[in-house]
Amino acid sequence: MATLTINGTSVSIPQGALLLRAVEEAGITLPTLCHHDALAPYGACRLCLVMIIAPYRALVASCTYPVEEGLVVQTHAPEAVQARRLTLEALMSRCPRSDVISKMAEREGVTASRFGMPSSGNADELCVLCGLCVRVCRDLIGAAAIEFIGRGSERRVGAPFNMHSDACIGCGACAEVCPTGAIRMEDRGNQRILQAWNTCITLSACPECGRFFAPEPTRFLKDMFPEIKACWNVCPECRRQKTSRQWLNAGQKTD
Ligand code: SF4
Ligand code: FES
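Worth saying up front: this structure is predicted, and the values here are computed from it rather than measured.

This part is about helix 3 (residues 99–107). When we look at burial in helix 3, the residues that qualify are Ile101, Met104 and Ala105. One side of helix 3 holds all its buried residues, which, seen down the axis, span an arc of 100 degrees. Helix 3 presents Asp99, Lys103, Glu106 and Arg107 as exposed residues on the side facing more than 90 degrees away from its buried surface. On its buried face, helix 3 sits against helix 2 (78–94).

Another aspect to go through is empty space enclosed by the protein. Summed over all chains, the structure comprises one cavity of 30 Å³ or more. Roughly 100 Å³ of internal volume is contained in the largest cavity. Lining of the largest cavity is provided by 13 residues; of these, Cys137, Ala145, Cys168, Cys171 and Cys174 occupy positions nearest its centre. Residues belonging to the lining of the largest cavity are distributed by class as follows: eleven nonpolar, two polar and no charged.

Let us now look at a nonpolar patch on the surface. Where nonpolar side chains cluster on the molecular surface, the patch consists of Phe220, Met224 and Phe225 and spans about 290 Å² of accessible area. Inspection of the secondary structure puts phenylalanine 220 in helix 6 (residues 220–224). We classify phenylalanine 220 as partly exposed; its relative accessible area is 38%.

Let's shift gears to the nonpolar core. In terms of nonpolar packing, the biggest core is built from 25 residues, with Leu4, Ile6, Leu19, Ala22, Val67 and Val73 touching the most fellow members. Examining the composition of this core, we find that four residues originate from one element, helix 1 (residues 19–25), more than from any other. Not counting residues up to four positions away in its chain, the partners in contact with valine 73 are Leu4, Thr5, Ile6, Asn7, Leu19, Val50, Met51 and Ile52. Of all hydrophobic cores here, the second largest spans 19 residues; its members include Leu88, Cys95, Cys130 and Val177.

The pairing of strand 9 (residues 191–194) with strand 10 (residues 199–205) spans four bridges and is classified as antiparallel. Counted as the bridge partner of arginine 192 is isoleucine 201 from strand 10. Taken together, strand 9 and the strand that follows it, strand 10, pair antiparallel across an intervening segment of four residues, in which asparagine 198 is found at a positive phi of about 50 degrees. Inspection of the sheet shows strand 10 paired to strand 11 (residues 212–215) by three bridges, in the antiparallel sense. Paired with serine 204 across the bridge in strand 11 is alanine 214. Two successive antiparallel strands, strand 10 and strand 11, enclose a turn made up of six residues, where glycine 210 displays a positive phi of approximately 85 degrees.

Below, the discussion takes up the sheet that holds strand 3 (residues 49–54). Sheet architecture is open: five strands sit in the order 2-1-5-3-4, paired in mixed fashion. Because the sheet does not close on itself, it has two edges, and the strands there are strand 2 (9–13) and strand 4 (58–61). Here the average twist between neighbouring strands, direction ignored, is 35 degrees.

The rules we used
Residues numbered from 1 in each chain as written. Chains lettered and ligands numbered in written order. Predicted model: local features only at pLDDT ≥ 70, side-chain atom pairs only at ≥ 80, totals over all residues. Heavy atoms only, no water. Buried < 20%, exposed > 50% of the residue type's maximum accessible area, 1.4 Å probe, protein only. Helix = DSSP H or I, 4+ residues; strand = E, 2+ residues; numbered from the N terminus. Arc of directions from axis to C-beta. Contact = heavy atoms within 4.5 Å. 1 Å grid on protein atoms, 1.4 Å probe; cavity = no way out; pocket = protein on both sides within 12 Å on 5 of 7 lines; lining within 4 Å. Points joined across faces, edges and corners; volume = space filled by probe spheres on them. Nonpolar A, V, L, I, M, F, W, Y, C, P; charged D, E, K, R; others polar. Patch = residues over 30% accessible without salt bridge, like charges linked within 9 Å, V, L, I, M, F, W, Y side chains within 5 Å. Areas by Shrake-Rupley, 256 points an atom, 1.4 Å probe, with all protein chains shown as cover. Salt bridge = Lys/Arg side-chain N within 4 Å of Asp/Glu carboxyl O. Core = buried A, V, L, I, M, F, W, Y, C linked by side-chain atoms within 4.5 Å. Pairing = 2+ DSSP bridges. Axes fitted to C-alpha atoms, helices over the stretch in contact; angles between N-to-C directions.

Take a look at the structure:
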């Protein structure tokens, strides 16, 4: 275990854990956008910056910094607060209509941005370029269907050549992890539409109720994981009803 001091509170945490976790253990919430417990540390958004004041001084991203015995950390040192506020101002300028960013900024005491129009030129922009969608698709799902495209103010996330992605399996993990709701996933009839990636995926129907629910390209999963094979073809609602019926029948037999 490593013992460190955060805002005057002593915290003990396993060696190798990230500073962000120690900060949370101390009951402090920092703004984060690019961090996800299921993914490797990345350090892109710079919102979780904290100041180490002993045994050395350093402004560090707490989501990538491993804890060390004896560290003394201040989350609200002027340098850390100023850096977080500056980043939030830039994000407010990039995504002026994002409620997530406005609320985050407000909590940090930022109500307006000194920067001008959105650098992307799109006032409806919601993507903060945190990279979570790219990393979950590549590192957890193994599909690598989307990537960063372009440079500078033109940088964005998309499918290669901005065309329908054959690699996308329609799992929706990207939409699930996106912190700002920038990725819309819509099921229309037998189609799952991921507009941001110009991609449509065919859904297969539940044999019991006829509802379209399972993306066809995810079928390989049932061969990979035999434990899900039995319930694969049936939609979650029919599965739930079936299980409830089984429980009720079992209960009646024991009465
Ligand atoms: S689309 Fe969402 S998850 Fe992907 S980079 Fe943009 S904000 Fe992050
Ligand atoms: S959450 Fe730490 S840099 Fe983004």
